[in-house]
Each structure stands twice: as C-alpha cells, then as structure tokens.
Amino acid sequence: MAGGSFDPMKQFQLHKLADLNIAGFDLALTNSALHALVGVLVASALLVFATRRLKLFPNRWQALSEWPYEFVHNLAQSNLGDKGKPFVPFLVTLFLFVLLGNLIGLLPYAFTYTSHISVTLTLALISIGVVIGTGFTKHGLGFFKLFLPSGAPLFIAPIIIPIEVVSFLAKPISLAIRLFANMLAGHIMIKVFAFFCTTSGFIAVFPLFGNVLIFAFELFVAFLQAYIFTLLVSVYLHDAIDLH
Amino acid sequence: MDGATLFMSVKLIAASAVAILVFVGAALALGRFFSECASALGRNPEARPSVFPVMIIGFAAIEFLALLAFVIVMIILFVISV
C-alpha cells in the first residue's frame, strides 16, 4: 500500500471492458460478465472434451468430469428419489456455475461474480421459478396446498398460511443473500489480512499465516456454498413435488 | 462535536453493536447446534448419512442469520449517509 488508501471493497467494483448497446439496453461486457463467461467456458470445455472418448474405466479427465455429476446425482437421489432424475442436469449446471464462480474468484486479480447480489439473486429466482413451474405442472392449482401442511387443523389456517407464504417468499432471498454475503465477507477478510501483511513490518509472518488459514477456509467455503445452494434447491424441489 | 462527527460515531457504534451482538448469538447457536449433532452421531454412528444433510441445512440457517447481520452492517457503514 504505497501511500494509497486501503479499500477492501475496491475488488468488487464493476467496470466496462467493451461497450454494447442493443435497443437502448446497456449490455456492455463488464469484468463480472467476462469472468462468468470464463466459468461457463471452463465447465463446458471440461464436460465436452473430457467425455469425448468414453471408457468404462475412465481416465483422469473423464473421472474429473464425472465427479460433479455423480456428486449432484447422489444428492438429488437422496433428496428427491427417482422423481429427481429430470432435475439432475439443472442442478449440475447450478452447482458448476456457483462452484466455478467461487473458485475463479480465489485466483489473484480475478473477479468473483458470485459476490454480486444481481448474479446470485438471478440464480435464486431462476431456481424458484423452476420450483414453482414444477409444482404447478405436477399438481395444478393443488400446488397451493403447499401453504397448508396436510393434517393441520383448519382453525389454525389463518395463522399458518401467512407464515408459510412468507417463508416461501423468503427462500430465493435467503439463497441469494447467503451466497453473495459469504463471498463478500470471505474476500474482504482475505484483503484485510493481506493489508496487515503489507503494513506490519517484520511480524508480518503472523497475518500471513492467518491469511493462509483463511484462504484454505475460503476454498472449503467455495465448495460448501455451492453444495448448500444445490442442496437447498433440491429440498425446495422436493417440497414442490411431494407437497409436504 | 459537529453533526457530521456525531453521525459518524453513531454509525460506527451501531455497526459494531450489531456485529458483536450477532457474533454472540451465532456463537451460541453454532455451539448448541454442533454439540447436538455430535451427541447424535456419538449415540448412533450409523446415522451419519442421514444426519449430515440436516447438519448442513441447520448450519446454513444459522449462517444466514449471521450473514444477514453482516449485510446490515455493510448497509449501515457504506450506504447510509447524511
């Protein structure tokens, strides 16, 4: 920090890399969009090229590309059972996009696109859209039974229906805020400890050690958040399919 | 003390108060929660596959409250101004 002021929020600033205006909408390529594109390309390249020549005994790349699919498949199997099969590709896409966003953000000079609520809220709204769509196609208007647990006596309906409606509406918000705030807090922590390293002279080894630990923890959190996001979406899907 | 300094100090006190209160709450919740999980696993180690998702969901719920407080602190510090 050569005399400059220290601002841990600077890493989250968006700036335009290329201008693009279509019909009055500002669709400029920002650093966030660039990193999201990199994430999508890495995921697609991994899945396309590693599964070119499929073998019964997978080589290393095929094993690497099978891991996320198997992981999410097992997760969907344990939460949704066989009814979850159609949703596995969607859940794998979510998992890989969130995971790669978190992991790419840990590289030096990289931007964490999952640290912006516009990205995470979009993901959460898409997931809740899928949940609502599934509920309505499976049960029609019976989907509204979701808001009154079966077996509940009718006289508590006036209390329990508003509670259930609010808790349903809070689901996308909690999904979005959890992911975005986790990434934001973790990256601010890393930058603050890095700042301590640069200013504390010869005892900088202690904040450096702390930073290594925090970085390891962030790596763990990157996986954990992707897992939690996918797990919660599959739990919500289970609610929509089986209606309590 | 002029108005801007007073506002700044109130802002800092409010932000740190929220942060510390939620720290205490999240610490109590996490300690209680994981001790229950540990004793459940200790009583019945074969239940690990069924306890684990519940553990993650409960952890996520506690974490969400703490992170909500983090967002509130960030809003107090960086968004609210005179």
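Our structure is the block above this text.
Presented here is a report on the structure given in the accompanying data block. (Residues numbered from 1 in each chain as written. Chains lettered and ligands numbered in written order. Predicted model: local features only at pLDDT ≥ 70, side-chain atom pairs only at ≥ 80, totals over all residues. Heavy atoms only, no water.)

1. Side note on the overall build of chain B
What counts here: For the purposes of this entry, the term helix denotes a DSSP run of H or I that reaches at least four residues, the term strand denotes a run of E that reaches at least two, and both are numbered from the N terminus. Between the two quantities, the radius of gyration covers C-alpha atoms and the globule rule is 2.2 Å times the number of residues to the power 0.38. Remark: exposure states derive from per-residue accessible area (1.4 Å probe, protein chains only) relative to the maximum for the residue type, with buried under 20%, exposed over 50%, and partly exposed in between.
Secondary structure assignment for chain B yields two helices and zero strands. For a compact globule of 82 residues, the expected C-alpha radius of gyration is about 12 Å, and chain B comes in at 19 Å, more than 25% above that figure. Projected onto its principal axes, the C-alpha coordinates of chain B cover approximately 65 × 20 × 10 Å. For chain B, with 82 residues in total, the buried portion stands at 27%.

2. Section: the overall build of chain A
Quick note on the threshold: Any two residues whose heavy atoms approach within 4.5 Å at even a single point are treated as in contact. What sets the accessible areas is the Shrake-Rupley method with a 1.4 Å probe; for residues, cover comes only from the shown protein chains. The sign given to each residue is positive for Lys and Arg and negative for Asp and Glu; His and the chain ends receive no count. Charge positions are represented by NZ for Lys, CZ for Arg, CG for Asp and CD for Glu.
When its secondary structure is counted, chain A shows six helices and four strands. Seen through its principal axes, chain A has C-alpha atoms that stretch 70 × 50 × 50 Å. Counting every position in chain A, which comprises 244 residues, the buried fraction comes to 42%. Of all intrachain contacts in chain A linking residues separated by at least 6 positions in sequence, the fraction that spans at least 24 positions is 67%. If you sum the accessible surface of chain A, you get close to 13600 Å²; carbon and sulfur atoms cover 74% of it. Charge-centre separation for chain A: the mean point of 13 positive side chains lies 7 Å from the mean point of 10 negative side chains.

3. Focus: unusual backbone geometry
All names here are of chain A. Within the chain, Y109 stands out as a residue other than glycine whose phi angle is a positive 65°. Within the element layout of this structure, Y109 appears in the loop between α3 (88–105) and α4 (117–139). When its relative accessible area of 88% is taken as the criterion, Y109 is described as exposed.

4. Details of helix α1 (residues 31–49) of chain A
Residues and elements named next belong to chain A. The following threshold applies: To estimate the expected span of a helix, count its residues, drop one, and scale the result by 1.5 Å. Throughout, the arc means the angular range of directions from the helix axis out to the C-beta atoms.
The terminal C-alpha atoms of α1 lie 26 Å apart, and with 19 residues this matches the ideal 27 Å at 1.5 Å per residue to within 8%. Of the residues making up α1, those classed as buried are N31, S32, H35, A36, G39, A43 and L46. Looking straight down α1, one finds that the buried residues subtend no more than 145° of arc, so they occupy a single side. Among the exposed residues of α1, those pointing more than 90 degrees away from its buried face are L41 and F49. Against β1 (16–18), β4 (29–30), α2 (60–80), α3 and α4 lie the buried residues of α1.

5. Looking at the packing of aromatic side chains
Two aromatic rings are characterised by how far apart their centres lie and by the angle between their planes. Residue and element names in this part refer to chain A. Our working definition: For Phe, Tyr and Trp, rings pair up if their centres lie within 6.5 Å, where Trp contributes its six-membered ring, and each pair is then called stacked (planes under 30 degrees apart), edge-to-face (over 60) or tilted (otherwise).
Scanning all chains against the criterion turns up 16 aromatic pairs over all chains. Ring centres of W67 and F71 lie 5.4 Å apart, and the angle between their planes is 25°; on these two criteria the pair is classed as stacked. Taken together, the residues W67 and F71, both in helix α2 and four residues apart, mark about one turn of the helix. Here W67 falls in the partly exposed class, since its relative accessible area comes to 38%. Residue classification places F71 among the partly exposed residues on the basis of a relative accessible area of 29%. Here the aromatic rings of F147 and F168 are separated by 5.8 Å at their centres, their planes lie at 80°, and the arrangement is edge-to-face.

6. Details of the pattern of salt bridges
Which entries qualify depends on this criterion: Here a salt bridge means any side-chain nitrogen of Lys or Arg lying within 4 Å of a carboxyl oxygen belonging to Asp or Glu.
Summed over the entire model, instances satisfying the criterion amount to four salt bridges over all chains. In this structure, K85(A) engages D82(A) in a salt bridge whose closest nitrogen and oxygen atoms are separated by 3.8 Å. For K85(A), a relative accessible area of 46% translates into the label partly exposed. Residue E36(B) pairs with R32(B) through a salt bridge whose shortest N-O separation is 3.5 Å. A residue pair is termed a helical-turn pair when its members lie 3 or 4 positions apart in one helix, as E36(B) and R32(B) do in helix α1 (residues 3–43) at four residues. Taking relative accessible area as the criterion, E36(B) reaches 42% and is therefore assigned partly exposed. R32(B) gets classed as exposed once you look at its relative accessible area, which sits at 56%.

7. Overview of a nonpolar patch on the surface
Residues and elements named next belong to chain A. Basically, it comes down to this: A patch consists of residues whose relative accessible area exceeds 30% and which take part in no salt bridge; residues with like charges are grouped when within 9 Å of each other, and nonpolar side chains (Val, Leu, Ile, Met, Phe, Trp, Tyr) when within 5 Å.
There is a patch of nonpolar side chains on the surface, built from L17, L34, V38 and V42 and spanning about 290 Å² of accessible area. For the nonpolar patch, the element with the most residues is α1, which contributes three residues. Examined against the element boundaries, V42 turns out to sit in helix α1.

8. Thoughts on the packing of helix α5 (residues 157–199) of chain A against helix α2 (residues 48–79) of chain B
Under the convention used in this document: Only the stretch in contact is used when fitting a helix axis, every axis being a line fitted to C-alpha atoms; angles between N-to-C directions are given from 0 to 180 degrees. Each angle is binned into one of four classes, with values under 35 degrees roughly parallel, values over 145 roughly antiparallel, values of 65 to 115 roughly perpendicular, and all other values oblique. Crossings are classed by handedness, with left-handed meaning an anticlockwise turn of the near helix from the far one by less than a right angle and right-handed meaning a clockwise turn. Put simply, Ala, Val, Leu, Ile, Met, Phe, Trp, Tyr, Cys and Pro go in the nonpolar bin, Asp, Glu, Lys and Arg in the charged bin, and everything else, Gly too, in the polar bin.
Interhelical geometry of α5(A) versus α2(B) gives an angle of 65° and a closest axis separation of 9 Å. Relative to α2(B), α5(A) is oriented roughly perpendicular. The chirality of how α5(A) crosses α2(B) is left-handed. On α2(B), the residues touching I173(A), S174(A), I177(A), R178(A), F180(A), A181(A), N182(A), L184(A), A185(A) and I188(A) of α5(A) are A60(B), A61(B), E63(B), F64(B), L67(B), L68(B), F70(B), V71(B) and M74(B). In the contact of α5(A) with α2(B), the residues fall into 15 nonpolar, two polar and two charged.

9. A word on the interface of chain B and chain A
To keep it simple, the criterion reads: As used in this structure description, the phrase polar contact means that two N or O atoms lie within 3.5 Å; if the pair is within protein, one of them must be able to donate a hydrogen and the other to accept it, and residues adjacent in sequence are counted only when both atoms belong to side chains.
Chain B puts 15 residues into the contact, and the matching count from chain A is 18 residues. At the junction of chain B with chain A, the criterion picks out zero salt bridges. At the boundary of chain B with chain A, the tally comes to three residue pairs in polar contact (both at pLDDT 80 or more). Residues of the side of chain B that touches chain A, tallied by class, amount to 14 nonpolar, no polar and one charged.

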